[in-house]
Amino acid sequence: MRRSFRTLAVVAVALGLSAEAFAHHSTTYYSREQKDFVKIEGKVVKWEYRSPHSQLYVETTDKEGKAVTWRFESTPAAWLAREGITKDSIKFGDQVTVEGFPIPGQLFAWLGKITKADGTRLLPQRSSATPDWWKP
Amino acid sequence: MRHARNSSRRAIVTGAVAAAVIIAFTPAVSAQSGTGSSAIPKLTGIWHRKGPLNGKTNAPAVPTNRAAGFNQAFDDAFNPTYDCSPTPIPGLINDDYDFQITQQADRVIIRYEKMDVVRTIWLEGHGHPKPDTNVYTNQGHSVGRYEGGRLVVETTHFAFDPRGFSANRWVPGSTLKKMTERYWREGDTLKLDSVSEDPISLKQPYSYGWEWEVRKEELTPYDCDPQDSRWGAQWHDSKYPPDK
C-alpha cells in the first residue's frame, strides 16, 4: 500500500500540468527519429484547411514506382493562419516537396515543411510532433 | 458522419446567430479605463496571447493522489476531445487560441477561437436567475462583477470532465470545481490572474495568469470536423488488453 502511494506521488509530480500550448490531442504516434524522416516530391491532390487538424494529401511514387498518396497532418486552421498559411496557399495540382515525420509503416505523417515549385516555403507553427534535431 | 458534421455546423450557425441577436439588442456598456472600485475596464476586443502574466512561467497544478490515480488509469480513446467536445476552463484558456470579449450592460460574452466556445458571464445586480441546483455543464455557470477596475468572474456547476485543468492531461474536474478569473487592462495589454479549486482533484489551488494584446483580424472559425477529430485515436495503443 505504501508503495502504491509513493508511485502515485511520483505520477502526480510527473504530470506537471504545464500551461503551454497544447495540441488537440497527443501526437506521440508520429516518429521523431531521424531514420524515419520523410522528404517526398509530388502533386497536391487534396488540401483540407480545417480544425482540429489540417490535412495535405500528396501523390507521389514509392521505391517500386507505384503511385501512392501521403497524408500529412498539421495544426488547425487558426494556427496556420498565424503563419500566413491560408486555404488558398496550396492548390490542387501544385508540385511540392514535403518533409514530415511519419507513423512507421504508414503513409501518414506529421507535416513539417512544404516547398512549392516556385521556391515558396510554407512552415507551419512548430509543435510537439516536430523533433529538436530537425532544422527547417 | 456527414449528418453529424452538418448538425455541428447548424449548431454553430445557430449559436452565432443567437449571439449576434443578443449583442444587437442588448445595450452596450459604457466601458472606460480606470482604477476606482466601480470603474469598468474596457475589455471589449479580440485578444491574442503575448505570454504568461508578468513574464513568469505558470506553475503546474498539483493533483491529489486520487486524481493522479485517475490519470494513470485513463485510456486515451475516452478523450472527449476526439469527438469535438469542448475543453472546459481553465484548460480552454490555457490553450493557445485567441478570443473575443464583448461587454454588455448586464453580461459579458467571451467567444473563443478554440472549438467555437461561447461563454456568458452574468453580471451581478441585474436579476439574473441563479443556476439550477442540479444542472452541471461543460463550461459551468459564470457570474461576474466589476471590482477595483477589474472584471471578477466566478464559475461553478461544472460537469465532471477528465480534462478538468488541462486540455490533454487527465486530472479530472469534479462537480465541486470552482474557478475565479480576474481580468484587467494595462495600456493595450489585457491581463488575467486566475485560481482554480477542486477539493477532490487538487491538493492546493491552481493559479495561472496570461497577457494578451489586441488582434486586428477576425477570429478563425474552428468548425470542428468530428471525423478528422477522432482519426488520431486509432493510433494510440490501449493501456488495457483487448476484449475477447
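Here the structure is shown first, and the text comes after it.
Residues numbered from 1 in each chain as written. Chains lettered and ligands numbered in written order. Predicted model: local features only at pLDDT ≥ 70, side-chain atom pairs only at ≥ 80, totals over all residues.

### Examining the overall build of chain A
Within chain A, the regular secondary structure consists of 2 helices and 6 strands. Element order for chain A, N to C, with α for helix and β for strand: α-β-β-β-α-β-β-β. Looking at chain A residue by residue over its 136 residues, the buried ones come to 30%. Considering only intrachain contacts with a sequence separation of at least 6, the fraction spanning at least 24 residues in chain A is 55%. (Helix = DSSP H or I, 4+ residues; strand = E, 2+ residues; numbered from the N terminus. Buried ≥ 20, exposed ≤ 12 C-beta atoms within 10 Å, placed from the backbone. Contact = placed C-beta atoms within 7 Å.)

### Details of the pairing of strand 3 (residues 107-112) of chain B
Residue and element names in this part refer to chain B. A one-sided burial pattern is seen for strand 3, the buried positions being Val108, Ile110 and Tyr112 and the unburied ones Arg107, Ile109 and Arg111. In terms of strand pairing, strand 2 (residues 99-103) meets strand 3 through 5 bridges, oriented antiparallel. Each bridged residue has a counterpart across the sheet, and for phenylalanine 99 the counterpart in strand 3 is tyrosine 112. In this antiparallel pair of consecutive strands, strand 2 and strand 3, the connection spans 3 residues. Bridge analysis of strand 3 against strand 4 (residues 118-123) gives 5 bridges, and the strand direction is antiparallel. Looking at strand 4, one finds that arginine 107 is bridged to tryptophan 122. Where strand 3 hands over to strand 4, the hairpin turn is made up of 5 residues, of which methionine 115 adopts a positive phi near 55°. (Pairing = 2+ DSSP bridges.)

### Regarding unusual backbone geometry
Looking along the chain, the bond that leaves serine 51 of chain A and enters proline 52 of chain A is cis, with omega of 10°. Within the element layout of this structure, proline 52 of chain A appears in the loop between strand 1 (38-48) and strand 2 (55-61). In this chain, isoleucine 89 of chain B is followed by proline 90 of chain B through a cis amide linkage whose omega measures 10°. Examined against the element boundaries, proline 90 of chain B turns out to sit in the loop between helix 2 (65-73) and helix 3 (91-94).

### With respect to the nonpolar core
The biggest cluster of nonpolar side chains holds 28 residues, and the ones touching the most others in it are Phe99, Ile101, Val108, Tyr112, Met115, Leu151 and Tyr183 of chain B. Excluding anything up to four places from it in sequence, methionine 115 of chain B contacts Cys84, Pro86, Thr87, Tyr222 and Cys224 of chain B. If you look at the next biggest cluster of nonpolar residues, it comprises 15 residues, including Phe72, Val98, Trp110 and Ile114 of chain A. (Core = buried A, V, L, I, M, F, W, Y, C linked by C-beta atoms within 7 Å.)

### Overview of the pairing of strand 5 (residues 108-116) of chain A
All names here are of chain A. Relative to strand 5, strand 3 (residues 67-73) runs parallel, the two sharing 3 bridges. Residue pairing for strand 5: arginine 71 is matched across the bridge by phenylalanine 108. Of the pairings in the sheet, the one linking strand 4 (residues 95-102) to strand 5 comprises 7 bridges and is antiparallel in character. Paired with proline 102 across the strands is alanine 109, a residue of strand 5.

### Side note on the environment of aspartate 118 of chain A
Residue and element names in this part refer to chain A. As for its placement among the helices and strands, aspartate 118 is situated in the loop between strand 5 and strand 6 (121-122). Aspartate 118 sits in the exposed class, given 7 other C-beta atoms within 10 Å. Aspartate 118 sits 23 residues away from glutamine 95 along the chain, and the two C-alpha atoms are 9.1 Å apart.

### Some thoughts on helix 2 of chain B
Since the α-helix turns once every 3.6 residues, residues separated by three or four places project in the same direction. Turning to helix 2 of chain B, its buried residues are Ala67, Ala68 and Asn71 of chain B. Seen along its axis, helix 2 of chain B keeps its buried residues to an arc of 100°; they face one direction. (Arc of directions from axis to C-beta.)

### Thoughts on the environment of valine 118 of chain B
Inspection of the secondary structure puts valine 118 of chain B in strand 4. For the pair valine 118 of chain B and isoleucine 101 of chain B, spaced 17 residues apart in sequence, the C-alpha to C-alpha distance is 9.9 Å.

### Details of the sheet that holds strand 8 (residues 189-197) of chain B
Residue and element names in this part refer to chain B. Sheet architecture is closed into a barrel: 9 strands sit in the order 1-2-3-4-5-6-7-8-9, paired in mixed fashion. Neighbouring strand axes in the sheet, compared pairwise and without regard to direction, differ in orientation by 30° on average. Two strands pair when backbone bridges link them, and strand 8 and strand 9 (residues 206-214) are joined in this way by 8 bridges, in the antiparallel orientation. Counted as the bridge partner of leucine 192 is tryptophan 210 from strand 9. (Axes fitted to C-alpha atoms, helices over the stretch in contact; angles between N-to-C directions.)

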